[in-house]
Amino acid sequence: MWYHKPKVDEELLQSLPNLKIVSSSGAGIDHLDLKLLSRFGVKVSNTPFVVSTDTADLGMALMLASARRLVEGYQMAVSPDTEYFPANWLGVQVSGATLGIVGMGTIGYKVAQRAKAFEMKILYHNRNQRNKEEESAVGAVYCENIDDLLQQSDFVMLAVALTPQTHKLIGKRELELMKPTATLINISRGRVVDQDALMEALQKEVIRAAALDVTYPEPLPRDHPLLEMKNVIITPHIGSATKDTRRVMMRDMAESIEAALAGLPIPNEVS
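What counts and how
- Residues numbered from 1 in each chain as written.
- Predicted model: local features only at pLDDT ≥ 70, side-chain atom pairs only at ≥ 80, totals over all residues.
- Heavy atoms only, no water.
- UniProt positions renumbered as here; feature names shortened; annotations may be inferred.
- Helix = DSSP H or I, 4+ residues; strand = E, 2+ residues; numbered from the N terminus.
- Rg over C-alpha atoms; globule rule 2.2 N^0.38 Å.
- Buried < 20%, exposed > 50% of the residue type's maximum accessible area, 1.4 Å probe, protein only.
- Contact = heavy atoms within 4.5 Å.
- Areas by Shrake-Rupley, 256 points an atom, 1.4 Å probe, with all protein chains shown as cover.
- Lys, Arg positive; Asp, Glu negative; His and termini not counted.
- Charge placed at Lys NZ, Arg CZ, Asp CG, Glu CD.
- Polar contact = N/O pair within 3.5 Å; in protein donor to acceptor, adjacent residues only side chain to side chain.
- Right-handed = clockwise from strand over helix to strand, strands pointing away.
- Axes fitted to C-alpha atoms, helices over the stretch in contact; angles between N-to-C directions.
- Parallel < 35°, antiparallel > 145°, perpendicular 65-115°, else oblique.
- Left-handed = near helix turned anticlockwise from the far one by under 90°.
- Nonpolar A, V, L, I, M, F, W, Y, C, P; charged D, E, K, R; others polar.

An unreviewed UniProt entry annotates the protein as Glyoxylate reductase/hydroxypyruvate reductase of Nothocercus julius. The Sequence similarities (unreviewed entry) comment attached to the protein in UniProt states, word for word, "Belongs to the D-isomer specific 2-hydroxyacid dehydrogenase family."

**Student:** I'm lost on the overall build of the protein in this one. Help?
**Tutor:** When you go through the protein residue by residue, the secondary structure sums to ten helices and nine strands. What you see for the protein is a C-alpha radius of gyration of 20 Å, in line with the 18 Å of a compact globule of 271 residues. In terms of its C-alpha atoms, the protein occupies a principal-axis envelope of roughly 65 × 50 × 35 Å. Counting only residues that meet the buried cut, the protein has 46% of its 271 residues in that class. Contacts spanning at least 24 positions in sequence make up 62% of the contacts within the protein whose residues lie at least 6 apart. Per element, the accessible surface of the protein, about 14700 Å² overall, is 53% carbon and sulfur. Side chains of the protein give 29 positive and 33 negative charges; the mean places of these two sets differ by 2 Å.

**Student:** It is not clear to me how the side chain of S23 should be interpreted in this structure. Could you clarify?
**Tutor:** By the element assignment, S23 lies in strand β1 (residues 21-23). Judged by relative accessible area, which is 6%, S23 ranks as buried. There is a polar contact of 3.2 Å between the side chain of S23 and the backbone oxygen of M253. Discounting residues that sit within four places of it in the chain, S23 has contacts with M1, S45, M253, S256 and I257.

**Student:** Where do I start with the pairing of strand β7 (residues 183-186) in this structure?
**Tutor:** On any regular strand, side chains alternate: one points to one face of the sheet, the next to the other face. Residues T183 and I185 of β7 are buried on one face, and the alternating residues L184 and N186, pointing to the opposite face, are buried as well. Traced from strand β6 (residues 155-158) through helix α8 (residues 172-177) to β7, the parallel crossover comes out right-handed.

**Student:** Is there a simple way to explain the UniProt feature "domain: D-isomer specific 2-hydroxyacid dehydrogenase NAD-binding" (unreviewed entry) in the protein in this structure?
**Tutor:** Annotation from UniProt places "domain: D-isomer specific 2-hydroxyacid dehydrogenase NAD-binding" (unreviewed entry) at residues 60-239. When the span residues 60-239 is considered, its composition is 32% helix and 16% strand, and the gap between its end C-alpha atoms is 11 Å.

**Student:** Explanation requested: the packing of helix α3 (residues 52-67) against helix α5 (residues 106-117) in the structure shown.
**Tutor:** Any two packed helices are characterised by the angle at which their axes cross and by the distance between the axes. α5 packs onto α3 with a crossing angle of 50 degrees between their chain directions and a minimal axis gap of 8 Å. Compared by their axis directions, α3 and α5 come out oblique. Judged by the twist between their axes, the crossing of α3 over α5 is right-handed. Across from S52, T53, T55, A56, D57 and M60 in α3, the residues of α5 making contact are T106, I107, K110, V111, R114 and A115. Counted by class, the contact of α3 with α5 contains five nonpolar, four polar and three charged residues.

So this is what it looks like as structure tokens:
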């Protein structure tokens, strides 16, 4: 499966009685009905670890671009109408700021490693607390309650899997807990955020800005208000989109398929 295609539903499974495995690209499996696949005796694999480095890099890129208003700055620099650069055109500082990471899995932890180099104060919220050695290595402080993280962070980065528990994890209440100077960065799945609530929060300056690699739907309708907001950066779900990583993803998917066909243990099998 690539970009969630083809759609694996009961009709497809019934038409493929000899199907042994669905090998899905990327880390997310929210597009798959695991119970249905299990009922048909079909194994599932994904590529969760290979995507983590590039996705963490993109998270940092989005944070930096939003903080320093990179897209607006580029447009100003190349516009034929620009006669001078205003001295009061300012962004916000990243170095020394507080980053709250929601979801401290492989991607979230790699974000923390990168943020440490920017001398950021790192808070994180996760289902399970990391061990003390891992926390100490990146200087991360665990917030058992997500509200504490939201209230303290200058940047909030979402790196969770989409599950029933994380669907619309960030809504109106959570956005109102954030600082009015804060930025929301989403590198997980669009539906982790209540998009209507986010749009309202940005319009009313409840938060400063948002940087989104994911939305719902993808792409957004061309007349969607988020596309017109200067305090929003949107990229086309490119967390793992480098040539090197995509090549390794394909290799890992093929290895999982070969293992399933040979009756061997499946690398990255989803249980």
